[in-house]
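Below are the chains, spelled out letter by letter.
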Amino acid sequence: MVKKTSSSGGALPFFVGFVAMLFVGWWAFPRMLFSEVQQPIRFSHVVHVEEQEMACEDCHFLNEDGSFNGIPSTASCAECHSDVLGEDPDEAKFVEQYVNEEKEVEWLVYQYQPDNVFFSHAAHQGKDCTTCHPDVAKSDTPPTYYQNKLTDYSNGGYKIVFGRGVGVDPAYSRGTMKMWECERCHAENGQSNACYVCHR
């Protein structure tokens, strides 16, 4: 009489393999795909927004031709920081290495869009900035820039946890500038989702 073998011997290797795949796909692969980069200067929005009561538009504004000035130039920052004002070592670094040397800071742009995407800040100026961007006004230190090694794009400043972008701070806990979000917002506000609206 032939003894029937147990099926548990096949289930265990399958389970171990399944867990191993989850570990590689959700934990190991994202760490291999993204590199962590820090901004060249630790810029505090808290100091500028809360302590100095500056508005977003003081640094981020529309030019007369409708283009958007997303990042202030060194010259505009030097209007206040021609000399070191406080005791912050990063402010001193900024004045010494960029203002005095008349160099632009190579800021890392979290929401940089691909070349085939056209986004007009002028068309969206009625929206609050935090509709699309993380609320950086409450940040004292810029979030880590997670750069995709294949595309060079940022994941938006989110910490990668189990393969997904998850913020370490509530200000960065949501996605931003993703195509599906743009489409949903357009649909909710009665705007066209035709391809040519964003891709030209």
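These figures come from a predicted structure and were not determined experimentally.

1. Some thoughts on the overall build of the chain
Now for step 1: Scanning the chain for helices and strands turns up 6 helices and 6 strands.
Now for step 2: Along the chain, helices and strands appear, N-terminal first, in the series α-β-α-β-β-α-α-β-β-β-α-α.
Now for step 3: In the chain, buried positions account for 24% of the 200 residues.
Now for step 4: When contacts within the chain are restricted to residue pairs at least 6 apart in sequence, those whose partners lie at least 24 apart make up 63%.
Now for step 5: Of the accessible surface of the chain, which amounts to about 14,200 Å², a share of 58% is contributed by carbon and sulfur atoms.

2. Some words on the packing of aromatic side chains
The geometry of an aromatic ring pair is captured by the separation of the ring centres together with the interplanar angle, meaning the angle of the planes.
Now for step 1: Using the criterion set out here, one finds 4 aromatic pairs in the structure.
Now for step 2: For the pair Phe94 and Tyr98, a centre-to-centre distance of 6.2 Å together with 20° between the ring planes defines the contact as stacked. Of the two residues, Phe94 and Tyr98 are both situated in helix H4 (residues 89-99); the distance of 4 residues between them amounts to about one turn of the helix. Tyr98 carries the same exposure label as Phe94, and that label is buried.
Now for step 3: Ring plane angle 45° and centroid distance 5.7 Å describe the contact between Tyr110 and Tyr145, whose orientation is recorded as tilted. Of this pair, Tyr110 sits in the loop between H4 and strand S4 (145-148) while Tyr145 sits in strand S4, and the two are 35 residues apart along the sequence. Each of the two residues, Tyr110 as well as Tyr145, counts as buried.

3. Remarks on the environment of Asn193
Now for step 1: Following the sequence through the fold, Asn193 ends up in the loop between helix H5 (179-188) and helix H6 (195-198).
Now for step 2: Residue class for Asn193 comes out partly exposed when judged on its relative accessible area of 39%.
Now for step 3: For Asn193 and Cys182, which are 11 residues apart along the polypeptide, the C-alpha to C-alpha distance reads 8.6 Å.
Now for step 4: Non-local contacts of Asn193, meaning those with residues more than four positions away in its chain, are made with Cys182, Glu183, His186 and Ala187.
Now for step 5: A polar atom in the side chain of Asn193 sits 3.0 Å from the backbone oxygen of Glu183.

4. A closer look at the confidence of the model for the chain
Now for step 1: Taken residue by residue, the chain gives an average pLDDT of 83. The fraction at 70 or more is 84%.
Now for step 2: The lowest-confidence element of the chain is strand S6 (residues 164-166), averaging 49 in pLDDT; the highest-confidence one is H4, averaging 97.
Now for step 3: Counting contacts from residues 166-175, a segment whose pLDDT is below 50, to residues more than four positions away or on other chains yields 25 contacts.

5. Some points on the environment of His121
Now for step 1: If you trace the backbone, His121 turns up in the loop between H4 and S4.
Now for step 2: Separated by 53 residues in sequence, His121 and Phe68 place their C-alpha atoms 6.3 Å apart.
Now for step 3: Filtering out sequence-adjacent residues up to four positions away, His121 remains in contact with Leu62, Phe68 and His133.

6. Describing a nonpolar patch on the surface
Now for step 1: A cluster of nonpolar residues, Leu12, Phe14, Phe15, Val16, Phe18, Val19, Met21, Leu22 and Trp26, forms a patch on the protein surface that exposes about 970 Å² of accessible area.
Now for step 2: Here Val16 shows up in helix H1 (residues 8-33).

7. Details of the side chain of Glu91
Now for step 1: Tracing the backbone through its elements, the reader meets Glu91 in helix H4.
Now for step 2: Buried Glu91, no salt bridge; nearest opposite-charge side chain is Arg42, N-O distance 9.0 Å.
Now for step 3: A distance of 2.7 Å separates a polar atom in the side chain of Glu91 from the backbone nitrogen of Leu85.
Now for step 4: Setting aside residues up to four positions removed in sequence, Glu91 forms contacts with His81, Asp83, Val84, Leu85 and Gly86.

Parameters and conventions
Residues numbered from 1 in each chain as written. Predicted model: local features only at pLDDT ≥ 70, side-chain atom pairs only at ≥ 80, totals over all residues. Heavy atoms only, no water. Helix = DSSP H or I, 4+ residues; strand = E, 2+ residues; numbered from the N terminus. Buried < 20%, exposed > 50% of the residue type's maximum accessible area, 1.4 Å probe, protein only. Contact = heavy atoms within 4.5 Å. Areas by Shrake-Rupley, 256 points an atom, 1.4 Å probe, with all protein chains shown as cover. Phe/Tyr/Trp six-rings, centres within 6.5 Å; stacked < 30°, edge-to-face > 60°. Polar contact = N/O pair within 3.5 Å; in protein donor to acceptor, adjacent residues only side chain to side chain. pLDDT = per-residue confidence, 0-100. Patch = residues over 30% accessible without salt bridge, like charges linked within 9 Å, V, L, I, M, F, W, Y side chains within 5 Å. Salt bridge = Lys/Arg side-chain N within 4 Å of Asp/Glu carboxyl O. Lys, Arg positive; Asp, Glu negative; His and termini not counted.

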